[in-house]
Amino acid sequence: MLNYRQLHYFWAVAKTGSIARASEQLNLTPQTISGQISLFEQTWNLELFQRVGRQLELTECGRQTLAYAEQMFQIGGELEAMLRAGPQEQILFRVGVADVVPKSIVYRLLAPTMELDNVLRINCREDKLERLLADLAIQRLDLVISDSPMPSHLDIKGYSQKLGECGLSFFATPALAAQLARPFPACLDDAPLLIPGQETVLRSRLLRWLGEQQVQPRIVGEFDDSALMQAFGQSGSGIFVAPSVIAEEVCRQYGVRLIGQTEAVNESFYAISVERKVKHPGIVAITEGARRELFHW
């Protein structure tokens, strides 16, 4: 088994950059720390540090070990905080967010959980949907927020609740908008357009709708990350899209103009959990808030 004390000494040296600084932080002699790290290396037959001049640098094995140690001691710190506060006083709410979901939507979905009298402590992580669902299956997450329901091809137990849906809005900088002579959606023909990437559900719906409108924009960029697409749109690189429910916020935040909207292209958002009947106070707050405040069901 791992000697966690030795691993902690290694982690402290790696974080502080030297044995001397780690010894001050841990209130131990440098010889103690150095000796324990050497024992750790001997036990596992590896080398964690290499000396370059007077400096210690991590080896490739050291970097990999540090990545695991970071996660382990972060979780340990969360456990310590929970035990000190008392498990009944604060509930850790672990939320996974699919990286294709707009950040403004995520914030507005999670906002109601911040009003629960400090009952919850939110731990929010963004990643690809399948990796998040894998963590949900082993209860490393309590909830996953996505733009699609639970995929049927995955052998993972999970239940999807639709939080709401809305139409799509198109935005452009004032300078680019001034160049669009025709009304919407004809103004999109031959105009530079930024679109969601292939990981998104929205992409195929948008392209199909453009075909139905008989317009052919010049696609100048594709983005899985909506925030990055909006940043390019803010720079004037092209027209970009966002859910209509946050249209006013997008205009205010990025200094752009709304040039058109359509309800024919819907974007939906889902809460995926392992509970068929939701009891977690955070999930209840999200689902009720989304339907009441954001999407107005």
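Residues numbered from 1 in each chain as written. Predicted model: local features only at pLDDT ≥ 70, side-chain atom pairs only at ≥ 80, totals over all residues. Heavy atoms only, no water.

Trainee: Tell me about the environment of K277, residues and numbers included.
Mentor: Mapped onto the fold, K277 is located in the loop between β10 (257–273) and α11 (281–294). We classify K277 as exposed; its relative accessible area is 68%. Considering only alpha carbons, one finds K277 and Y159, 118 residues apart in sequence, at a separation of 9.1 Å. (Helix = DSSP H or I, 4+ residues; strand = E, 2+ residues; numbered from the N terminus. Buried < 20%, exposed > 50% of the residue type's maximum accessible area, 1.4 Å probe, protein only.)

Trainee: Kindly report on the nonpolar core, identifying the contributing residues and their values.
Mentor: Counting 63 residues, the largest nonpolar core has L109, F170, L188 and I239 as the members making the most contacts within it. For this core, the element with the highest residue contribution is strand β6 (residues 159–172), accounting for six residues. Here F170 is in contact with F184, L188, L206, W209, I239, F240, V241, R257, L258, I259, G260 and T262, once residues within four sequence places are set aside. Listed in part, the 16 residues of the second largest apolar core include L7, Y9, A12 and V13. (Core = buried A, V, L, I, M, F, W, Y, C linked by side-chain atoms within 4.5 Å. Contact = heavy atoms within 4.5 Å.)

Trainee: Please give an account of the packing of aromatic side chains that cites residues and values.
Mentor: Applying the stated criterion across every chain yields a total of nine aromatic pairs. With 5.5 Å between their ring centres and 55 degrees between their planes, F10 and F49 make a pair best called tilted. Here F10 is found in helix α1 (residues 4–16), whereas its partner F49 is found in strand β1 (residues 49–52), with 39 residues between them in sequence. By relative accessible area, which is 0% here, F10 ends up buried. The class of F49 is buried, set by a relative accessible area of 11%. For the pair F223 and F232, a centre-to-centre distance of 5.0 Å together with 45 degrees between the ring planes defines the contact as tilted. Connected via pairs of aromatic rings, a cluster forms that spans F170, F184 and W209. (Phe/Tyr/Trp six-rings, centres within 6.5 Å; stacked < 30°, edge-to-face > 60°.)

Trainee: Just give me the short version of the pattern of salt bridges, but keep the residues and values in it.
Mentor: Enumeration over the complete set of coordinates arrives at 17 salt bridges. Close ionic contact of E165 with K162 constitutes a salt bridge, the shortest N to O distance being 2.8 Å. Classification of E165 by relative accessible area gives partly exposed; the value is 38%. For K162, a relative accessible area of 27% corresponds to the partly exposed category. With a shortest N-O distance of 3.1 Å, R292 and E293 are connected by a salt bridge. Among the charged side chains, a network of salt bridges with common partners joins R125, D127, R131, D135 and R140. (Salt bridge = Lys/Arg side-chain N within 4 Å of Asp/Glu carboxyl O.)

Trainee: Which residues make up the UniProt feature "domain: HTH lysR-type" (unreviewed entry) in the protein, and what are the values?
Mentor: Within this numbering scheme, the UniProt entry marks residues 2–59 as carrying the feature "domain: HTH lysR-type" (unreviewed entry). Within residues 2–59, the helical portion is 62% and the strand portion 14%, while the C-alpha atoms at the span's ends are 19 Å from each other. (UniProt positions renumbered as here; feature names shortened; annotations may be inferred.)

Trainee: Residue-level account of the packing of α1 against helix α2 (residues 19–26), with values.
Mentor: Packing of α1 against α2 brings their axes to within 8 Å, and their N-to-C directions diverge by 120 degrees. With respect to α2, the axis of α1 lies oblique. In this structure, α1 meets α2 at a crossing whose hand is right-handed. In contact with H8, Y9, A12, V13 and T16 of α1, α2 contributes I19, R21, A22, Q25 and L26. Looking at the contact of α1 with α2 residue by residue, the classes come out as six nonpolar, three polar and one charged. (Axes fitted to C-alpha atoms, helices over the stretch in contact; angles between N-to-C directions. Parallel < 35°, antiparallel > 145°, perpendicular 65-115°, else oblique. Left-handed = near helix turned anticlockwise from the far one by under 90°. Nonpolar A, V, L, I, M, F, W, Y, C, P; charged D, E, K, R; others polar.)

Trainee: Which residues make up the sheet that holds strand β4 (residues 120–127), and what are the values?
Mentor: With mixed pairing, six strands are arranged side by side in an open sheet as β4-β3-β5-β10-β6-β9. Each having just a single partner strand, β4 and β9 (240–243) make up the two edges of the open sheet. Pairs of neighbouring strands in the sheet enclose a mean axial angle of 25 degrees, with direction left out of account. As paired elements, β6 and β10 share twelve bridges and run antiparallel to each other. Bridged to S160 within β10 is I272. Lying over the sheet, helix α10 (residues 247–254) contacts β6, β9 and β10, oriented at roughly 50 degrees with respect to β6. Against the sheet, α11 contacts β3 (91–98), β4, β5 (143–146), β6 and β10, and its axis sits at roughly 45 degrees relative to β6. (Pairing = 2+ DSSP bridges.)

Trainee: Please set out the environment of V284 residue by residue, giving values where relevant.
Mentor: Relative to the elements of secondary structure, V284 occurs in helix α11. Considering only alpha carbons, one finds V284 and P112, 172 residues apart in sequence, at a separation of 9.5 Å. Here V284 is in contact with V278 and K279, once residues within four sequence places are set aside.

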